[in-house]
Amino acid sequence: MFYIYCPYCGEHREEEEFHPKGQAHIERPKNPEECSDEEWGDYLFFRDNPRGVHHELWVHAVGCRKFFNVTRHTVTYEILETYKIGEQPSITADERGQPREAAAASQEGVRA
């Protein structure tokens, strides 16, 4: 069993109080009417399944009932951070799926 920090309640609670709801940060197409069937199908049904760092949507079902995001390592099950909806993660994945600070990732993009 592990404990998850709810960014809204401000408490670490047992995992049984929470439910995963899938991949986080999925952007809905801006003009769905103009999407091809393949593009719409990709949006609805296909999700990333990385080996390493992954951003997920969770809900505190037994507590405050609010949705929030979790950055989790899928190999070790370690929860690296939790953050509110609308916020950006501070930890992202490198090319091998290992965690790195998002600020470091943006600095690398500037140098390249």
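Read on for a plain summary of the structure. (Residues numbered from 1 in each chain as written. Predicted model: local features only at pLDDT ≥ 70, side-chain atom pairs only at ≥ 80, totals over all residues. Heavy atoms only, no water.)

## Describing the pairing of strand S2 (residues 11–14)
Strand direction decides the pairing type here: strand S1 (residues 3–6) and S2, joined by four bridges, are antiparallel. Following the sheet pairing, Tyr3 is matched in S2 by Glu14. Linkage of S1 to S2, two consecutive antiparallel strands, is achieved through a turn of four residues, within which Gly10 is found at a positive phi near 80 degrees. (Pairing = 2+ DSSP bridges. Helix = DSSP H or I, 4+ residues; strand = E, 2+ residues; numbered from the N terminus.)

## Some points on the packing of aromatic side chains
In this structure the tally under the stated criterion is two aromatic pairs. Centroid distance Phe18 to Phe68: 5.8 Å. Interplanar angle 85 degrees. Geometry classified as edge-to-face. With Phe18 in the loop between S2 and strand S3 (19–23) and Phe68 in strand S5 (residues 67–73), this pair connects stretches of sequence that are 50 residues apart. Across this residue pair, the class does not change: Phe18 and Phe68 are buried. Seen in terms of ring centroids, Trp40 and Tyr43 are 5.2 Å apart; in terms of plane orientation they differ by 40 degrees. Their pairing is tilted. Placement of both Trp40 and Tyr43 in helix H1 (residues 37–45) is noted, with a separation of three residues, approximately one turn of the helix. On the basis of relative accessibility, which here comes to 26%, the residue Trp40 falls in the partly exposed class. (Phe/Tyr/Trp six-rings, centres within 6.5 Å; stacked < 30°, edge-to-face > 60°. Buried < 20%, exposed > 50% of the residue type's maximum accessible area, 1.4 Å probe, protein only.)

This is a description of form; function is not addressed.
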